[in-house]
Amino acid sequence: MTSESTVVNQSNTGTVEDHLERAAIDRSTRLPVVFFLTSGVAWLAVSILLGVIASIKQHSPGFLDWDWLGFLNFGRVQPAFINAFVYGWCFQVGIAVAIWIMARLSRVELKNPVTLIVAGHLWNLGVSLGVLGILAGQGYSLEFLEFPKFVWPLLFVAYSAISIWMVVMFQVRKRSDAYVAQWYIVAACFWFPWIYLTANMMIHVLPVPGVMKSAAGAWYKSSLIYLFFVPIGLASSYFMIPKIVGRSIYSYGLSMVAFWTIAGVGAWTGLQKFLGGPLPPLLTAISGSAAILMLIPVVAIGINHFMTVRGHHGLIQYSPTLRFTFFGAIGFSVTCLVGAFNAIFGSTTSFTIAEDGFNMISLYFFFSMMMFGAIYFILPRIVGCEWLSRRMIQLHFWPSAYGAIGLGLWLVVGGIWQGISLEAWDSSTISAAGTSGSFLVGKSFIWTTFILFSNVVFVLHFLMMLFRLGRRTHEPTLLGHPQVHHAGQQLADGGAGA
Amino acid sequence: MNKFRVFLVGLALTFGLPWFFLLIVPTLQMSRLAPLPVYELDENGQKVIGEDGKGNIVSYYPPLSSGSKTKGEEIYVREGCAQCHSQLIRDPRVAMDSYKREWGSVFDSMAPLQTRPTNQRDYLAGHYPVLGIRRLGGDLSNVAYRYGSREQMHLMIYDSRIAQPSSIMPPYRFLYKTRKIEGNGPSVRALALTGDLAPEPGYEVIPTGDAEALVDYLMALKKNYTDPSKPVVADAEAK
């Protein structure tokens, strides 16, 4: 991994052979990538609907409250929603994007997609059984780990197979140097099985005291975000930003700093949720400090991304990929800021909806936005036609962006209020619930308008692409007509050959 | 290849260190914790372990959960009660939990000013992680003190809006069944429902086994028992 390793191949200036090679690689990854993207998007649709129900149920339990719909109560829909969102959508789209980036950067064609497809089916089976299990009242009491007991081996096996595939792909790469995006993908492949196995062994298999099970759950959630979603999301931005701007990453040193701080700090986080609780106080304090240290990579990555795009910020206006990715990069900063905030004011924000705010910021504002950006880049190359409508991309972007900011900040502010009113020793629980209630109504409003709407548009657009209803052209779909190209810059975004 | 191995070792170390210190070490430490037998005072005022005459220890600290209480805990976990309810009283130096009147032992003017924070040993009573996810509802560590009767608790779970019209706790009507009143009048277990919620004449609403187990579990959630690992003087004060 020398400093040249950050030089991303300049797609738009490549030779004819380069173009042919890339086209061949894209063809070879079509099956698994389309499989994971499609199932991811299907789960996105399901989870957004569940999310709407959960959100409304949270403040109005009377909504859809017929006797035969008893299973749709908040205690079951909320975990069904968040698990469908995390394991159905976030994971699968992350895997799809990781497979594609890995193949592209390793410059090898994918020979045998069978492993991936089998693993993908197993994964989807696991997620479906898990979500149905939760709705059937077989859930569990730890966040992001609510799937019934029998599901985790399925997911573990499926994911391990994908990890091994990913590492093999990395090992047979044509260049001996590795790109930053590849470090992140390999790291995520390496960590996640370990995180998942540890958490599930402690919870379901080994006779661990109840307190440590709760601790393992909090640690799992935090590690999943900082050591799986963050690396995969950043892999995408480290690939997409240089690709579209057409230059290499600004600083190799800063990339190193960011990577190793995330690696070194990520797994220390999580236990701050139980600050002042029955865990050894030292551990909760360490976890809280670790969450604050996550601000270091924010600075390093922020500078790096900003300087890479410098002088070409105008492209954000035209390139859908760059726009989503840039927004997602802001989401990364907000994720870590809110994580640090919740750690500092943990005695107030723990157990409030501020933690939901953190979840939504990390999973939607940061991760999903990054992934949308990647999908706008990858899908045309895979299916061979361009996105149909600029208007639809805009209708996806703006409500999503407003929804992401609104949802995240609204919940964090609501969580602070809720926390403060829970702290008031002489006021009743119901009044604290009432305080958060008004924020929860606002959350439902954001869900049903911005998030639901923008994702309906996206899902439709995605389906059109799948059925090849896109534009058959080599001109990428941009969000405007760039009259003057910046410094004669050719937009690399799109054009099925690029 | 060699570089790759260094990279992997780096990943393993950066991850393994926190993994070991945050999870493995405390787990090993905590697995040494065991429930303690509760002492009784014999006629000479000496502390002895309470036995039932056959050598079995009568009571433990914490009171161990078994049978239908464990079943109830399982239902608590499966129904997602932890999505809205916590079961931990944090240290008063950090949070106000132990001063919350509603979360403490008894909700009246005679109640002790401060509820004891929960400690690691308390959680040996159950089998599941019940510390909780959110606090949309209140803390349930000591909920049993606040309920005079099982009936009241059943009504709360059947539909919380009976007691508190603006409640946002979901109704768990599906844990109850409506059946025809038979033979010699309504069952003693039938819920006293009035108004809109009352079943048709000739019918009654009774708890299923799951609801009974859940209430068994909730009615055992009391954490102000004396802690035998503490000096006896403190026990007297806590009373």
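Residues numbered from 1 in each chain as written. Chains lettered and ligands numbered in written order. Predicted model: local features only at pLDDT ≥ 70, side-chain atom pairs only at ≥ 80, totals over all residues. Heavy atoms only, no water.

Now for the overall build of chain A. Broken down by element type, chain A carries 15 helices and zero strands. Computed over C-alpha atoms, the radius of gyration of chain A comes to 22 Å, within 12% of the 23 Å expected from 2.2 N^0.38 for 498 residues, which places it in the range of a compact globule. Dimensions along the principal axes, computed over C-alpha positions, put chain A at roughly 70 × 45 × 45 Å. Split into buried and exposed, the 498 residues of chain A put 68% on the buried side. Taking as baseline every contact in chain A between residues at least 6 positions apart, the subset at least 24 positions apart corresponds to 85%. Summed over its atoms, the accessible surface of chain A is roughly 15,600 Å², and 71% of this surface lies on carbon and sulfur atoms. For chain A, the separation between the mean place of its 26 positive charges and that of its 18 negative charges on side chains is 7 Å. (Helix = DSSP H or I, 4+ residues; strand = E, 2+ residues; numbered from the N terminus. Rg over C-alpha atoms; globule rule 2.2 N^0.38 Å. Buried < 20%, exposed > 50% of the residue type's maximum accessible area, 1.4 Å probe, protein only. Contact = heavy atoms within 4.5 Å. Areas by Shrake-Rupley, 256 points an atom, 1.4 Å probe, with all protein chains shown as cover. Lys, Arg positive; Asp, Glu negative; His and termini not counted. Charge placed at Lys NZ, Arg CZ, Asp CG, Glu CD.)

Residues and elements named next belong to chain A. Per the counting criterion, the structure on display carries 62 aromatic pairs over all chains. An angle of 55° between the planes, with centres 6.2 Å apart, marks the rings of Tyr226 and Phe358 as tilted. Of this pair, Tyr226 sits in helix α6 (residues 210–245) while Phe358 sits in helix α13 (residues 354–383), and the two are 132 residues apart along the sequence. This pair shows no difference in class: Tyr226 is buried, exactly as Phe358 is. When the centroid spacing of 4.8 Å and the interplanar angle of 45° are considered together, the rings of Phe341 and Phe345 count as tilted. Residue classification places Phe341 among the partly exposed residues on the basis of a relative accessible area of 28%. By relative accessible area, which is 41% here, Phe345 ends up partly exposed. The ring centre of Phe170 lies 4.1 Å from the NZ or CZ of Arg173, which sits over that ring. (Phe/Tyr/Trp six-rings, centres within 6.5 Å; stacked < 30°, edge-to-face > 60°. Lys NZ or Arg CZ within 6 Å of the ring centre and 35° of its normal.)

Residues and elements named next belong to chain B. Topologically, Glu212 is positioned in helix α4 (residues 209–218). Judged by its relative accessible area of 16%, Glu212 falls in the buried class. Residues within four places of Glu212 in sequence aside, it is in contact with Arg150, His154, Arg189 and Pro207. Polar side-chain contacts of Glu212 include one of 2.7 Å to the side chain of Arg150. (Polar contact = N/O pair within 3.5 Å; in protein donor to acceptor, adjacent residues only side chain to side chain.)

Another aspect to go through is the side chain of Arg76 of chain A. Mapped onto the elements of the fold, Arg76 of chain A is located in helix α2 (residues 74–106). Arg76 of chain A gets classed as buried once you look at its relative accessible area, which sits at 7%. Leave out the neighbours within four places in its chain, and Arg76 of chain A touches Phe71, Ile134, Leu135, Ala136 and Gly137 of chain A together with Glu79 and Phe174 of chain B.

Residue and element names in this part refer to chain A. With a phi close to 55°, Arg107 is a non-glycine residue in the positive phi region. Take Arg107: it is sitting in the loop between α2 and α3 (114–135). Looking at Arg107, the relative accessible area reads 21%, which means it is partly exposed. The phi angle at Phe144 is positive, at roughly 70°, despite the residue not being glycine.

Taken residue by residue, the interface counts 85 residues in chain A and 68 residues in chain B. Taken together, chain A and chain B are joined by six salt bridges. Between Arg173 of chain B and Asp65 of chain A there is a salt bridge; the shortest N-O distance is 3.2 Å. In this assembly, chain A and chain B are joined by 19 residue pairs in polar contact (both at pLDDT 80 or more). Looking at the side of chain A that touches chain B residue by residue, the classes come out as 44 nonpolar, 30 polar and 11 charged. (Salt bridge = Lys/Arg side-chain N within 4 Å of Asp/Glu carboxyl O. Nonpolar A, V, L, I, M, F, W, Y, C, P; charged D, E, K, R; others polar.)

All names here are of chain B. Chain-level statistics for chain B give a pLDDT mean of 83 and a share of 86% at 70 or above. When the criterion is pLDDT under 50, residues 231–239 qualifies, and its contacts beyond four places in sequence or with other chains add up to five contacts. With pTM at 0.92, the complex prediction returns an ipTM value of 0.89. (pLDDT = per-residue confidence, 0-100.)

This part takes up the pattern of salt bridges. Evaluation of the coordinates by the stated rule reveals 23 salt bridges over all chains. Glu143 of chain A is the salt-bridge partner of Lys221 of chain A, the closest N and O atoms lying 3.7 Å from each other. With a gap of 78 residues between them, Lys221 of chain A in helix α6 and Glu143 of chain A in the loop between α3 and α4 (151–171) connect regions that are remote in the sequence. Of the residues examined, Glu143 of chain A reaches a relative accessible area of 9% and is grouped as buried. With a closest N to O distance of 3.3 Å, Asp159 of chain B and Arg161 of chain B form a salt bridge. Its relative accessible area of 5% is what places Asp159 of chain B among the buried residues. Arg161 of chain B gets classed as partly exposed once you look at its relative accessible area, which sits at 26%.

Residue and element names in this part refer to chain A. Interhelical geometry of helix α1 (residues 16–59) versus helix α15 (residues 429–466) gives an angle of 160° and a closest axis separation of 9 Å. Compared by their axis directions, α1 and α15 come out roughly antiparallel. The handedness of the crossing between α1 and α15 is left-handed. Of the residues belonging to the contact of α1 with α15, the class tally is 18 nonpolar, nine polar and one charged. (Axes fitted to C-alpha atoms, helices over the stretch in contact; angles between N-to-C directions. Parallel < 35°, antiparallel > 145°, perpendicular 65-115°, else oblique. Left-handed = near helix turned anticlockwise from the far one by under 90°.)

This brings us to the environment of Ile296 of chain A. Residue and element names in this part refer to chain A. Secondary-structure assignment places Ile296 in helix α9 (residues 295–309). Overall, Ile296 belongs to the partly exposed group, its relative accessible area being 38%. Linking Ile296 and Ser350, residues 54 residues apart in sequence, is a C-alpha distance of 23 Å.

Moving on to the confidence of the model for chain A. All names here are of chain A. Confidence along chain A averages 89 in pLDDT terms, with 94% of residues attaining 70 or more. For chain A, the element scoring lowest by mean pLDDT is helix α10 (residues 315–318), at 85; α3 scores highest, at 96. Contacts for the low-pLDDT stretch residues 484–498, under 50 throughout, to residues beyond four places or in other chains number 50 contacts.

The next point concerns the pairing of strand β6 (residues 203–207) of chain B. Residues and elements named next belong to chain B. Burial within β6 is extensive, with four of its five residues counted as buried. The sheet contact formed by strand β5 (residues 176–180) and β6 spans five bridges and is antiparallel. Within the sheet, the bridge partner assigned to Lys180 lies in β6 and is Tyr203. (Pairing = 2+ DSSP bridges.)

Given 3.6 residues per helical turn, the α-helix brings residues three or four places apart onto the same face. Residues and elements named next belong to chain B. Counting buried positions along α4 yields seven of 10 residues, so the element is predominantly enclosed. When we look at burial in α4, the residues that qualify are Ala211, Glu212, Ala213, Leu214, Val215, Tyr217 and Leu218. Buried residues along α4 sit against α2 (67–78), α3 (150–158), β5 and β6.

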